[in-house]
Amino acid sequence: MFDANGLVILAVGALLCFYGVRSVHLGVIAAGFGLGWIVSGLFNAGGLTMFLFGLIGAVSAWVVCSLIFRFAAYFVGGLTGAVGGARLADLVQPGDNSWAASAIIIVAIAVAAAFCADKYRARALLWLTSIGGASMVLIGVGRAFEPLNWVDSPDSAAASITSNALWIALSVAGWIIQRRLFTDRLGIKPRQSEAAA
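Residues numbered from 1 in each chain as written. Predicted model: local features only at pLDDT ≥ 70, side-chain atom pairs only at ≥ 80, totals over all residues. Heavy atoms only, no water.

Draft legend 1. Spatial organisation of the overall build of the protein. Broken down by element type, the protein carries nine helices and zero strands. Ordering the α and β elements of the protein from the N terminus gives α-α-α-α-α-α-α-α-α. With 197 residues in all, the protein has 42% of them scored as buried. Counting contacts in the protein only where the partners sit at least 6 residues apart, residues at least 24 apart contribute 74% of the total. (Helix = DSSP H or I, 4+ residues; strand = E, 2+ residues; numbered from the N terminus. Buried < 20%, exposed > 50% of the residue type's maximum accessible area, 1.4 Å probe, protein only. Contact = heavy atoms within 4.5 Å.)

Below is the structure:
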């Protein structure tokens, strides 16, 4: 069975994973959408409800960030940390998810990520957008393509290990691609060998 809603979260996740550090506004909108979508999905909401929660999350995140743009790195860090925290909350709670346990995990990771993003700015956001985007991509793949559902919701130890390995690999790929595409934005100077070429 094919689910078009999964393609939406996959596309937003890919945008955040491979392009998120380029624009704070894009990062805020994508992370807000992903957070709304994933949190509603933790509690088995329907496709339309998840899409609406995603839109509410995106608009709310953008409005709040626009009002407090001075704290944009902190806010984007917190949002992308919350996306990663939502994925982690889903992985550590097989079966039905507890609101309390999910909230503790999501808030703890979001706060830690926000402080890292505020302190280390672009370099922290590079990691956070890669990790959060990779999480959204895997959720999208699992929801869009029924045979790959195990990527989003592993049902065995082997599937969980493989899903987490894919999450790490995709996060690293996003980090590498963004680091190469946006060297100026990140303040990375080319190596001597690259400058001479």
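Draft legend 2. Broad picture of the environment of Ile139. Inspection of the secondary structure puts Ile139 in helix 5 (residues 99–144). Measuring from C-alpha to C-alpha, the distance between Ile139 and Asn149 comes to 8.4 Å, with 10 residues separating the pair along the chain.

Draft legend 3. The side chain of Ser135, seen in detail. Within the element layout of this structure, Ser135 appears in helix 5. Setting aside anything within four residues of it in sequence, one finds Ser135 in contact with Val83, Arg87 and Trp167.

Draft legend 4. Representation of helix 7 (residues 157–181). If you check helix 7, its first and last C-alpha atoms are 36 Å apart, about what 25 residues at 1.5 Å a residue would give, namely 36 Å. Residues of helix 7 that are buried: Ala159, Ser163, Trp167, Leu170, Ser171, Gly174 and Gln178. (Expected span 1.5 Å × (residues − 1).)

Draft legend 5. Up close: the packing of aromatic side chains. Applying the stated rule across the entire model yields three aromatic pairs. Aromatic side chains Tyr19 and Phe182 sit 5.2 Å apart centroid to centroid with 75° between the ring planes, which places their arrangement in the edge-to-face category. Here the residue Tyr19 occupies a position in helix 1 (residues 4–19), and Phe182 occupies one in the loop between helix 7 and helix 8 (183–186), the gap between them amounting to 163 residues. The exposure class of Tyr19 is partly exposed, given its relative accessible area of 37%. The ring of Trp167 has Arg87 sitting right over it, with the charged end atom 5.4 Å from the ring centre. (Phe/Tyr/Trp six-rings, centres within 6.5 Å; stacked < 30°, edge-to-face > 60°. Lys NZ or Arg CZ within 6 Å of the ring centre and 35° of its normal.)

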